[in-house]
Amino acid sequence: MKPFQALLVKEVEEQIVAEIEQTTIEQLSQGNVLIEVAYSSVNYKDMLAVQKNAGVIREYPMIPGIDFSGTVVESDDEAISVGQKVLVTGFAVGMSHTGGFSEYARVPSEWVIPLPETLTLKEAMIFGTAGLTAALSIQALENNGLSVDNQPEILVTGATGGVGSLAVQILAKLGFTSITAMVRKENQVAVAQSLGAQNVVFASEFADQKRPLNKQKFHYILDTVGGQVASDLIPFIHYGGSMSLCGNAGGIKLATTVLPFILRGVNLLGIDSVNISVEERTAVWEKLATSWNVSQTTLFDEVTLAELPKTIEDLKAGQHLGRTIVKL
Ligand SMILES: NC(=O)c1ccc[n+]([C@@H]2O[C@H](COP(=O)([O-])OP(=O)(O)OC[C@H]3O[C@@H](n4cnc5c(N)ncnc54)[C@H](OP(=O)(O)O)[C@@H]3O)[C@@H](O)[C@H]2O)c1
């Protein structure tokens, strides 16, 4: 097989460098399915993957890219056929197993999800890991009572980021009419409204509140930021309400008291998209492909492998909005 292009992350003189290089199949991690990658996408973890000591990549060189869609070119698993369109997210992809920022990827067949019939390879990555995580968060809130029947007050944090923007759009599509988007910059207000949020608040409005219990404002919070932002919001959750937590973009420490939990019966719901079972992820992808499908109306940027390092820099600098897909 001819050499192909990939983004390689290396450690050179104790610095992390990410460059597009000619790569050979021998440089791909082992697996029994070889996929010609059509699209990958840019997620927060991909930005961390090219930082030093961020804990995403521990052994170099590595090809990052935690998700991708493409066409099978070799397979020794009879459940997955050559020519089949597939998608892969999570597991060790783009961390300790070479990932999607490459024209070819090789993975174990257990990680491979057949592309749902009503999604294209491109649409699958408009969702990507962010869409899967947004859907898992909504599903967790639904399992704890979220329903359009009650039109609850819902808050989505990091609402113009990848997970947040898809969550707002899916909630709007499902018919929720009291969606509040939390942002932190003026230019994000109009973006959040265009996604379908009826209200927009700034993270700063909820900061520095010292009371362990505050005015009950939100029945459900879909948090993608974590850290101080999530901590500040817990006192504002209604009696019996829930908050899903999936992210650490705002830090990993959660500062709270037991009072919202023991006096208001508040629930914290942890969300993981990386290691959930194939059965669970297949079911969620089916929803994303049908009744929760917002891929047609999602605004996204499309970049080439050559343009990818700039997108990653923008994400690191907080100058990135919504979703970016990478065309291989
Ligand atoms: N649990 C899982 O399986 C899973 C899966 C996917 C993602 N995640 C996590 O979910 C989070 C979001 O991922 P993503 O890909 O959507 O990232 P993203 O596109 O970079 O979005 C992050 C959002 O959070 C906002 N934000 C960051 N720090 C903030 C702070 N201190 N205060 C207020 N807002 C802040 C950003 O605002 P600015 O644009 O202003 O910076 C942006 O809107 C990440 O932490 C990621 O690791 C977890």
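See the structure shown above.
What counts and what doesn't
Residues numbered from 1 in each chain as written. Predicted model: local features only at pLDDT ≥ 70, side-chain atom pairs only at ≥ 80, totals over all residues. Heavy atoms only, no water. Core = buried A, V, L, I, M, F, W, Y, C linked by side-chain atoms within 4.5 Å. Buried < 20%, exposed > 50% of the residue type's maximum accessible area, 1.4 Å probe, protein only. Helix = DSSP H or I, 4+ residues; strand = E, 2+ residues; numbered from the N terminus. Domains from an automatic or database assignment. Near = heavy atom within 4 Å. Polar contact = N/O pair within 3.5 Å; in protein donor to acceptor, adjacent residues only side chain to side chain. Areas by Shrake-Rupley, 256 points an atom, 1.4 Å probe, with all protein chains shown as cover. 1 Å grid on protein atoms, 1.4 Å probe; cavity = no way out; pocket = protein on both sides within 12 Å on 5 of 7 lines; lining within 4 Å. Sits in = over half its atoms within 2 Å of the grid points. Pairing = 2+ DSSP bridges. Axes fitted to C-alpha atoms, helices over the stretch in contact; angles between N-to-C directions. Contact = heavy atoms within 4.5 Å. Parallel < 35°, antiparallel > 145°, perpendicular 65-115°, else oblique. Left-handed = near helix turned anticlockwise from the far one by under 90°. Nonpolar A, V, L, I, M, F, W, Y, C, P; charged D, E, K, R; others polar. Arc of directions from axis to C-beta.

Chemist: Could you give me a rundown of the nonpolar core, with the residues and numbers involved?
Modeler: Among the nonpolar cores identified, the biggest contains 50 residues, and L146, V156 and L171 are the most heavily contacted of them. Elements supplying a minimum of two residues to this core: β3 (33-41), α2 (121-143), β8 (154-156), α3 (162-173), β9 (179-183), α4 (187-195), β11 (218-223) and α7 (278-289). With 13 residues, α2 is the largest single contributor of residues to this core. Residues lining this core come from more than one domain, with at least three contributed by each of domain 1 (4-115 + 298-327) and domain 2 (130-270). Of all hydrophobic cores here, the second largest spans 25 residues; its members include M47, V56, Y104 and L315.

Chemist: Can you tell me about unusual backbone geometry, naming the residues and giving the values?
Modeler: Between Y60 and the following residue, P61, the backbone shows a cis peptide bond with an omega angle of -5 degrees. Following the sequence through the fold, P61 ends up in the loop between α1 (44-49) and β4 (67-75). Positive phi values are uncommon outside glycine, yet E13 reaches one of about 50 degrees. Among the structural elements, E13 can be located in the loop between β1 (4-12) and β2 (15-23). Despite not being glycine, Q151 has its phi angle at roughly 40 degrees, a positive value. By the element assignment, Q151 lies in the loop between α2 and β8. On the accessibility criterion, Q151 (27% relative accessible area) is partly exposed.

Chemist: I'd like a description of the site of the ligand, backed by residues and values.
Modeler: Close to the ligand lie 26 residues; V163, R184, K185, N248 and S273 are nearest. G161 is positioned such that a nitrogen or oxygen atom in its backbone is 3.2 Å from an oxygen atom of the ligand. Out of a free accessible area of 920 Å², the ligand has 86% covered by protein chains. Comparing atom positions with the cavity grids shows the ligand to sit within the largest pocket.

Chemist: Could you give an account of the sheet that holds β11, with specific residues and numbers?
Modeler: Working definition: the strands of a sheet are paired by backbone hydrogen bonds and lie parallel or antiparallel to each other. A sheet is described by the order of its strands in space; here six strands give the open sequence β10-β9-β8-β11-β12-β13, paired in parallel fashion. This sheet does not close on itself; its edge strands, each paired only once, are β10 (199-202) and β13 (267-270). Taking each pair of neighbouring strands and ignoring which way they run, the sheet shows an average axis angle of 20 degrees. In terms of strand pairing, β8 meets β11 through three bridges, oriented parallel. The residue bridging V156 from the neighbouring strand is L222, located in β11. Across the sheet, α2 touches β11, β12 (237-245) and β13, and the angle it forms with β11 is around 155 degrees. Helix-sheet contacts for α3 involve β8, β9 and β11, and the interaxial angle to β8 is about 155 degrees.

Chemist: Give me the packing of α2 against α3: which residues, what numbers.
Modeler: Close contact between α2 and α3 brings their axes to 8 Å; oriented N to C, the two are set at 60 degrees. As far as their axial angle goes, α3 and α2 are oblique. At the point where α2 passes α3, the crossing takes the right-handed sense. Across the interface between the two elements, I126, F127, A130, G131, T133, A134 and I138 from α2 touch G162, V163, L166, A167, I170 and L171 from α3. Across the contact of α2 with α3, the residue classes tally to ten nonpolar, three polar and no charged.

Chemist: Which residues make up the environment of F176, and what are the values?
Modeler: Within the element layout of this structure, F176 appears in the loop between α3 and β9. Look past the residues within four positions of F176 in its chain and what remains in contact with it is L146, S147, V148, Q151, P152, I154, L171 and Q198.

Chemist: Kindly report on α4, identifying the contributing residues and their values.
Modeler: One turn of the α-helix equals 3.6 residues, which is why residues spaced by three or four share an orientation. Turning to α4, its buried residues number three or more, namely Q188, V189, A192 and L195. With its buried residues spanning 125 degrees around the axis, α4 presents them on a single face. Across from the buried face of α4, at angles greater than 90 degrees, the exposed residues are N187, A190 and S194. Buried residues in α4 make contact with α3, β9 and β10. In the stretch just after α4, G196 is the one whose phi turns positive, near 125 degrees.

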